[in-house]
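What the coordinates show
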Amino acid sequence: MKISVIGCGYLGAVHAACMAELGHEVVGVDVDQAKIDALAEGRAPFFEPGLPELLVSAGATGRLRFTTDMPGIADAQVHFIAVGTPQKDGGHAADLRFVDAAFAAVVPHLADGSLVVGKSTVPIGTAARLAEILAETAPQATLAWNPEFLREGFAVNDTLTPDRLVYGVPAGVEGERAARLLDEVYATALAANTPRIVTDYATAELVKVSANAFLATKISFINAMAEIAEATGADVTQLADAIGHDARIGRRFLNSGLGFGGGCLPKDIRAFRARGEELGLGASLDFLGEVDAINLRRRDRMVELTREALGGTVAGKRIAVLGLAFKPDSDDVRDSPSLDVASRLHKEGAVVLVTDPEAIETARRQHPELSYVPTVGEAVAGADVVLVLTEWKLYRDLAPAEFEAASGRIILDGRNCLDPTRWRSAGWVYRSLGRP
Ligand code: UGA
């Protein structure tokens, strides 16, 4: 099929490349010329495992193009809108500026019988609003909402082999046609028996925000248990293992520590709650305020733990921070808990040496005041305390012997990703969030 993808960020670039890999003819569009130039040359503008290889292999088929030129999408049958929906400045609601702009830019180029497919995470009611506009301005086309569930770090795999497909479509024959077109787009996944749910717009929008709300709640649940464990001498990691064996609970997304960050979970739960309030249903989603608060408390606790470990103040102390990305296998530092902690320690007067395998440049743009070093060795040299704040495999595998150059022997594990026995037996003080 001929497909366009509007927005070539973490979601759109991966979607475009994967669709081409699956045999479609794809044009990716973005307003950012530098991003388009990189993609057109087969270079990923951000770190995502597998994407560079995919850009090269899909590019070699001649089926993948990138452009800033909107009219270039005119012969596509299906147009995906994959732009960001960040948090509004000064508020909790989602900023729909980019969705609205992308939609307005697509409308003049819609061929007869074409389909516009929203992938961006939006407040409930957005698709119905856009469908009304489409009915007036381009009645020859239809709107569908097809939320995306990919995780950064696993984006290529999640897109090529999704765990489910959700289509929000209008009622009647128009909706049936839209579902048939989406079935063609996702023919490979459907042939592999991927579950497919065809529903209305509101349900499709709700599936996405409620899935992220559930995941955020699960993480904050275990982090609330970590607070209890900390005060009572219990071990939250053993607790997670033990309750996780109950298949109804499950062990995934029960890793306690510094909590969730990134460009999705934090802003999505806030936007969801804001939308609930607009709908007069604030009480139904009030708990998400608690989920957010528990999550943010973990960062406070990490700063406090660092102060405690250094005898009450961090001022003038040398602190090594390993990990800046909001999670491993990403260079994304949007709402990164580790970067937040590093910058707070800096504000309290510490000399903070930070490193990350991939996120130094993205972090530097947000926090130029921190001292960036390329290696763990340089970060820990002379450090009074070492903080592991993003659980990159590289850091999980480090041995105490590699930290000889540190001046203190204190390690603070913000992700419960190190083996306490190993560090303690090497003479280190090991402390973490939620373990004795
Ligand atoms: C999340 C969802 O997992 C995806 O399904 C969704 O498609 C995506 O948002 C989105 O809306 O686009 P992502 O933001 O890539 O994906 O990252 P996650 O793997 O969900 O991790 C989010 C945060 O939670 C990270 O900071 C991670 O460190 C933290 N986390 C995750 C925990 O603290 N504990 C866990 O057990 C799991």
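Across a sheet, strands are paired by hydrogen bonds formed along the backbone, either parallel or antiparallel in direction. Across the sheet, 6 strands lie side by side as β11-β10-β9-β12-β13-β14; this open sheet has parallel pairing. Only two strands of the sheet have a single partner each, and these edge strands are β11 (371–372) and β14 (429–432). As judged from the 2 bridges shared by strand β10 (residues 351–355) and β11, these two strands associate in the parallel manner. In the strand pairing of β11, Val354 is matched with Tyr372. Taken strand by strand, helix α13 (residues 287–309) contacts β9 (318–322), β12 (385–388), β13 (410–413) and β14, and its axis lies near 170° from that of β13. Relative to the sheet, helix α14 (residues 337–347) contacts β9, β10, β11 and β12, its axis offset from that of β10 by approximately 160°.

On to the packing of aromatic side chains, then. All chains considered together, the criterion is met by 7 aromatic pairs. Consider the rings of Tyr10 and Phe46, whose centres lie 4.4 Å apart with planes at 40°: the pair is tilted. Of the two residues, Tyr10 sits in the loop between β1 (2–6) and α1 (12–21) while Phe46 sits in the loop between α2 (33–40) and α3 (51–60), which places them 36 residues apart along the sequence. Exposure remark for Phe46: the relative accessible area of 9% places this residue in the buried category. Joined through ring pairs, the aromatic side chains of Phe80, Tyr167 and Tyr186 make up one cluster. The ring of Phe154 has Arg151 sitting right over it, with the charged end atom 4.3 Å from the ring centre. Taking the ring centre of Phe149 as reference, the NZ or CZ of Arg164 above it sits at 3.5 Å.

Under the domain assignment, the protein is made up of domain 1 (2–199) and domain 2 (200–436). The distance between the C-alpha centroids of domain 1 and domain 2 comes to 31 Å. Taken together, the 35 residues of domain 1 in the interface contact 28 residues of domain 2. Both faces considered, domain 1 and domain 2 share a buried interface measuring about 2600 Å² in area, 60% of it formed by carbon and sulfur atoms. The largest contributions to the domain 1 side of the interface with domain 2 come from Phe47, Ile124 and Glu152, which together make up 28% of the buried area. If you look at where domain 1 meets domain 2, you find 1 salt bridge. Where Arg334 meets Glu152, a salt bridge forms, and the shortest distance between an N and an O atom there is 3.2 Å. Linking domain 1 with domain 2 are 16 residue pairs in polar contact (both at pLDDT 80 or more). Secondary-structure elements contributing two or more residues to the side of domain 1 that touches domain 2 are α5 (126–137), β6 (142–145) and β7 (165–168).

With that settled, consider the site of the ligand. Residues in contact with the ligand amount to 21 residues; listed here are only the nearest, Leu150, Glu152, Lys208, Asn212 and Phe326. The contact in question runs from an oxygen atom of the ligand to an N or O atom on the backbone of Leu254, over 3.4 Å. Phe326 is positioned with one of its backbone polar atoms (N or O) 2.9 Å from an oxygen atom of the ligand. When isolated, the ligand has an accessible area of 720 Å², and the protein chains bury 91% of it. Every element with two or more residues in the shell around the ligand is listed here: α9 (201–232) and α11 (265–278). Partitioned by chemical class, the residues of the shell around the ligand number 10 nonpolar, 4 polar and 7 charged. For the shell around the ligand, the two domains that each supply at least three residues are domain 1 (2–199) and domain 2 (200–436).

Here we take up unusual backbone geometry. The backbone of Phe253 sits at a positive phi, close to 65°, despite the residue not being glycine. Relative to the helices and strands, Phe253 resides in the loop between α10 (236–244) and α11. Given the relative accessible area of 35%, Phe253 is considered partly exposed. Of note, the phi angle at Asp335 is positive, near 45°, even though the residue is not glycine. Within the secondary structure, Asp335 is located in the loop between β9 and α14. With relative accessibility at 28%, the residue Asp335 sits in the partly exposed group.

Parameters at a glance
Residues numbered from 1 in each chain as written. Predicted model: local features only at pLDDT ≥ 70, side-chain atom pairs only at ≥ 80, totals over all residues. Heavy atoms only, no water. Pairing = 2+ DSSP bridges. Helix = DSSP H or I, 4+ residues; strand = E, 2+ residues; numbered from the N terminus. Contact = heavy atoms within 4.5 Å. Axes fitted to C-alpha atoms, helices over the stretch in contact; angles between N-to-C directions. Phe/Tyr/Trp six-rings, centres within 6.5 Å; stacked < 30°, edge-to-face > 60°. Buried < 20%, exposed > 50% of the residue type's maximum accessible area, 1.4 Å probe, protein only. Lys NZ or Arg CZ within 6 Å of the ring centre and 35° of its normal. Domains from an automatic or database assignment. Buried area = accessible area lost by both parts, 1.4 Å probe. Salt bridge = Lys/Arg side-chain N within 4 Å of Asp/Glu carboxyl O. Polar contact = N/O pair within 3.5 Å; in protein donor to acceptor, adjacent residues only side chain to side chain. Near = heavy atom within 4 Å. Areas by Shrake-Rupley, 256 points an atom, 1.4 Å probe, with all protein chains shown as cover. Nonpolar A, V, L, I, M, F, W, Y, C, P; charged D, E, K, R; others polar.

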